[in-house]
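Survey of secondary and tertiary structure
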Amino acid sequence: MNKKKLMVIDGNSILNRAFYGLQGPNLLATSDGLYTNAVYGFINIMNKYIEEENPQYICVAFDLKAPTFRHKQFDGYKANRKGMPDELRVQVPVIKEVLDAMRIKRLEMEGYEADDILGSISLCAQQKGMEVIIITGDRDALQLADKDIRIKIPKTKGGKTETEEYNLETIHGKYKIEPVQFIDVKALMGDTSDNIPGVPGIGEKTALDLIQNYGTIENLYENVDNITKKALKEKLITYKEQAFMSKELARIERNMPFLCNIDELARVEFDKPRLYELFKRLEFKSFIEKFGLKDSQNQESFKVNIKRIKDKQGILELKNEIFEEKEMSFYYLIDKVDKFTNKLSGISISAKEGNSYYLAFNEDYNEKEFLEEFKSIFEDSDIKKYGHDLKNFIVYLKNRGIELNGIAFDTMIGAYIINPSRDTYTISELANDYLGLSVKSVEEMAGKGRNFMPFDAMDEEELKNVAGLYPEVIFKCKNKIEEKLGENDQIKLYYEIELPLVEVLADMEYYGFKVNVNELMSISRQLDEKIQELTVKIYELAGEEFNINSTKQLGVILFEKLELPVIKKTKTGYSTDAEVLEELADKHEIIPKILEYRQLIKLKSTYIDGLMSVINPVTGKIHSSFNQTVTVTGRISSTEPNLQNIPIKLEMGRNIRKAFVSSDENYRLVDADYSQIELRVLAHITGDVNMIEAFNKNEDIHASTASKVFGVPINEVTPLLRSKAKAVNFGIVYGIGDFSLSKDLGITRKEARAYIDGYLEKYANVKKYMHDIVVQGKEFGFVTTLFGRRRYLPELKSSNFNIRSFGERIAMNTPIQGSAADIIKIAMVKVYKELKARKLKSRLILQVHDELIIEAHVSEVEEVTTILKESMENAVKLSVPLSVEVKSGSNWYETK
DNA sequence: TCTAACACGC
DNA sequence: GACGTACGTGTTAGAA
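Anyway, here's the lowdown on the structure attached to this text. Bear in mind the structure is a predicted one, so any value in this text is a computation, not a measurement.

1. Let's talk about the overall build of chain A
A count of helical and extended segments in chain A gives 36 helices and 23 strands. Relative to its 896 residues, chain A shows a buried fraction of 53%. Long-range contacts, defined as pairs at least 24 residues apart, comprise 67% of the intrachain contacts of chain A with a sequence gap of at least 6. Accessible surface for chain A amounts to roughly 40700 Å². Of this, 48% is attributable to carbon and sulfur atoms.

Structure (structure tokens):
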């Protein structure tokens, strides 16, 4: 007959394990700013073992009040012991909630630790003939191992969780002692991780030997005089008290007055609706899936009538409905696999909630016919359009000669404004977050990589049933998001900056940036030649051929074969990054060659080959994607290719910019740059009179900083002092600490600290701001930019110094970087509108954080220059002037 | 298919 | 004295 199984979980141990990163991500926070990483890890670990063992009985033991309470009697010892971190304390009530919703019994007893409780209950269950599995993070529990009691201890190895399992046999096998004696071994050797002191100088081997010979510490000390090794004997005597104390600390109370009614621990169904609500609140989407909570009752309220349109008749019906309602929400199906294909496979449209139409363009109805029919709707600015990720659809329409007017809401952008820290903003996530609905995701249906399935290949009925729901979700999410934007005071940010920007970015993508392929090829040939030369030279100096691109192989050559000093190590071996190589530069001839090789190979692979592969064969241009929902600070990012990191600092790389040209001889490039926008924003936000004055006088700000910090008249600032001040300014703007600054300037950390302190002393309001913003961030849980963009900062509440410091730097930096991002976005919208209003041929083609590039018709260069300067400098009124420098040229190299 | 190491921009 | 350091993207090597 099978024995009944009881699983006892040591809540405190597992909680600690989960928190310190055994499972789950290190920093997990909900959009409300609540830390949930330990909660997540806890559930994950617990569930793993439940699945593995499938016990009929289960309970979790806690000693939540004070993890150290039994140690109070040992004053000196307790003083060293750290208490439970604040984040853990915050998470404990949440874990309790989860357990209650899972209907798993929690055991807590006044005056006893979790260890004691699980010890008692294990022995109790064993007497009743049950099999017991103890899940714990602590080897103390080994003293409980028995033929009917197994101990499982999760361990991390290379990021993966493995389990150590012990029972009577394995402990005999491994330690050749009785499980109960384990505690004596531990008491002797101590355990630094658990702050159990033991006897210094006694390791595992000695402790095991002693206990095998003497059985217990008590017996050992009765016979301590017979020990022949003098040093050992002395150590034992000196630390006798500590040894006994350690035994007491690690001992599990096996005879406590605690008789639990085991029947109460029988597993029952989860409280599914409650668990669902809880996981939704905590944003544990994968758990909702894992625990099969998808079909909760919320689902019922979501009913949509999805009609499939198969002919012109249906289209006309839908059109009428849209003209009547004057609004529509829609979701387009364009495969995200090849940016040049750009084919519409289907679209679902709704003019009023509850009703949606789905069109597939394979056989039913022709894509072209649909566009002809719908052109009038798309271009009608009186019909409000609600969609999700509209930018790509606008580009699609532009490519077919259709404009999208009446853009009234984009749910993806809205969700980003509410919380910019998320990784993705899919419809199904939004449905879950804002509506509590679980809707299948088309992204998942499509899969990734080799499993990718284009929309045309999917099951039609299924696709209809999924995509058909989306317009409804968009309608509903729009209302929720709008409400939230209102609460957060972000209506202006959304409607006046972000939403209009969608069209601007679409336009930039549509026009693209012309490249001169011949120029690229010519640079490519030069690079090839030099790379070849360097390769030969490097092989010669190394005395053998190897893959220079492999850091692993390079490390062996440099640090083993050539025996150069190791400066720095990485997780996996020797570090060979530029910083290390520069330090070794005069130690061996090979080093400068490698540095140069690295530089050239980067240019070749990323910028020559990389750019060549993304030139659109039809337009001969590069059409980068500009992403509006990626960065946490509000900046725009650029991908496929990234046009925001084209080289400029070194001449060799800068040449790449010669290949970026205007479309033809009728056009020129006009490039406008904000000068020191972040520092100006800083001056404005802090209201620092010194800095404001410097900008108002149009001083060289770095020289001015140098003059203040180093106490010399501004006309006596040397280039060296200026560059130091520049690095400090840079550090302030980017929120780096003394550590990074010391590296940048090649000085000690102390000196760097002194520079920063000196700076803050001279700019008193900056200092005040830096302090206040952190306090404010902590109080509200987020910081904001000048235009109300938010970033949540749960890190500020961390008790971990590093995480908290990180949060503090972000709190200081985000309002500055983010406000600068707001400003250039405002300028972009202004410029775009102005070009459109004046019906100019010129157009915006690129943004690089503080720089805008317009491809201007030769007849319009002057006008465009004025528009750029005016729009950018007057984008917003600050307490310091914004200054913009404009240059033009026939290629990007010339405009700098 | 994924991660680590590296390097480019603001 | 912690112990790792703004925001991004892309390429290559190498392990699973």
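So, next bit.
2. Quick word on the sheet that holds strand 9 (residues 344–352)
Ordered in space as 7-10-9-8-11-12, the six strands form an open sheet in which the pairing is mixed. Here the strands that pair on one side only, and so sit at the sheet edges, are strand 7 (305–308) and strand 12 (407–410). Ignoring which end each strand starts from, the neighbouring axes of this sheet average 25° apart. Strand direction decides the pairing type here: strand 9 and strand 10 (residues 355–360), joined by five bridges, are antiparallel. Of the residues in strand 10, the one forming a bridge with Ser348 is Tyr358. Taken strand by strand, helix 14 (residues 312–325) contacts strand 7, strand 8 (327–334), strand 9 and strand 10, and its axis lies near 45° from that of strand 9. Its contacts with the sheet put helix 20 (residues 460–467) on strand 7, strand 8, strand 9 and strand 10, and the angle it makes with strand 7 is roughly 135°.

3. A look at unusual backbone geometry
With an omega dihedral of 0°, the bond running from Glu640 to Pro641 counts as a cis peptide bond. Mapping Pro641 onto the fold places it in the loop between strand 16 (637–639) and helix 27 (651–654). Within the chain, Asp489 stands out as a residue other than glycine whose phi angle is a positive 60°. Its location among the elements puts Asp489 in the loop between helix 21 (470–487) and helix 22 (491–511). You can call Asp489 exposed: its relative accessible area is 66%.

4. Some points on the protein's contact with DNA strand B
Surveying the vicinity of DNA strand B reveals 25 residues, the closest of which are Thr576, Arg598, Asn645, Ile648 and Lys649. The sugar-phosphate backbone supplies 85% of the atoms of DNA strand B found within 4 Å of the protein. Here Ala578 contributes a backbone N or O atom positioned 3.0 Å from a phosphate oxygen of DNA strand B. If one sorts the elements of the surface near DNA strand B by residue count, helix 26 (residues 590–612) sits on top with four residues. Of the residues in the surface near DNA strand B, the class split is seven nonpolar, ten polar and eight charged.

5. Concerning the protein's contact with DNA strand C
Taken together, 28 residues lie around DNA strand C, and Ser550, Val632, Glu640, Asn642 and Phe739 are the ones closest in. Close to the protein, within 4 Å, the atoms of DNA strand C are drawn from sugar and phosphate at a rate of 68%. A distance of 2.9 Å separates a phosphate oxygen of DNA strand C from a polar atom in the backbone of Val632. Contact between DNA strand C and Asn642: a sugar or linking oxygen at 2.9 Å from a side-chain N or O atom of the residue. Where the surface near DNA strand C is concerned, the elements lending two or more residues are helix 24 (551–561), helix 26, strand 16, helix 32 (738–745) and helix 35 (801–837). When its residues are assigned to classes, the surface near DNA strand C shows five nonpolar, 16 polar and seven charged.

6. Description of helix 17 (residues 411–418)
With eight of eight residues buried, helix 17 is to be regarded as a mostly interior element. Within helix 17, burial applies to Thr411, Met412, Ile413, Gly414, Ala415, Tyr416, Ile417 and Ile418. Looking at the packing, one finds that the buried side of helix 17 touches strand 11 (384–387), strand 12, helix 18 (427–435), helix 21, helix 22 and strand 20 (790–792). If you check the start of helix 17, you find a side-chain oxygen 3.0 Å away from the backbone N of Met412, and it comes from Asp410.

7. Considerations on the packing of helix 15 (residues 367–379) against helix 16 (residues 390–398)
Their axes nearest at 12 Å, the elements helix 15 and helix 16 cross at an angle of 110°. One finds that helix 15 runs roughly perpendicular with respect to helix 16. Contact with helix 15, carried on its side by Glu367, Leu371 and Phe378, involves Phe393, Tyr396 and Leu397 of helix 16 and no other residues of that element. Its residues assigned to classes, the contact of helix 15 with helix 16 comprises five nonpolar, no polar and one charged.

8. Here we look at the environment of Arg308
Tracing the chain through its elements places Arg308 in strand 7. In the structure, Arg308 is positioned 51 residues away from Leu359 in sequence and 6.1 Å away in space, judged by C-alpha atoms. At 2.8 Å, the side chain of Arg308 and the side chain of Glu460 are in polar contact.

Procedures and definitions
Residues numbered from 1 in each chain as written. Chains lettered and ligands numbered in written order. Predicted model: local features only at pLDDT ≥ 70, side-chain atom pairs only at ≥ 80, totals over all residues. Heavy atoms only, no water. Helix = DSSP H or I, 4+ residues; strand = E, 2+ residues; numbered from the N terminus. Buried < 20%, exposed > 50% of the residue type's maximum accessible area, 1.4 Å probe, protein only. Contact = heavy atoms within 4.5 Å. Areas by Shrake-Rupley, 256 points an atom, 1.4 Å probe, with all protein chains shown as cover. Pairing = 2+ DSSP bridges. Axes fitted to C-alpha atoms, helices over the stretch in contact; angles between N-to-C directions. Near = heavy atom within 4 Å. Polar contact = N/O pair within 3.5 Å; in protein donor to acceptor, adjacent residues only side chain to side chain. Nonpolar A, V, L, I, M, F, W, Y, C, P; charged D, E, K, R; others polar. Parallel < 35°, antiparallel > 145°, perpendicular 65-115°, else oblique.

The values are spatial; any link to function lies outside them.
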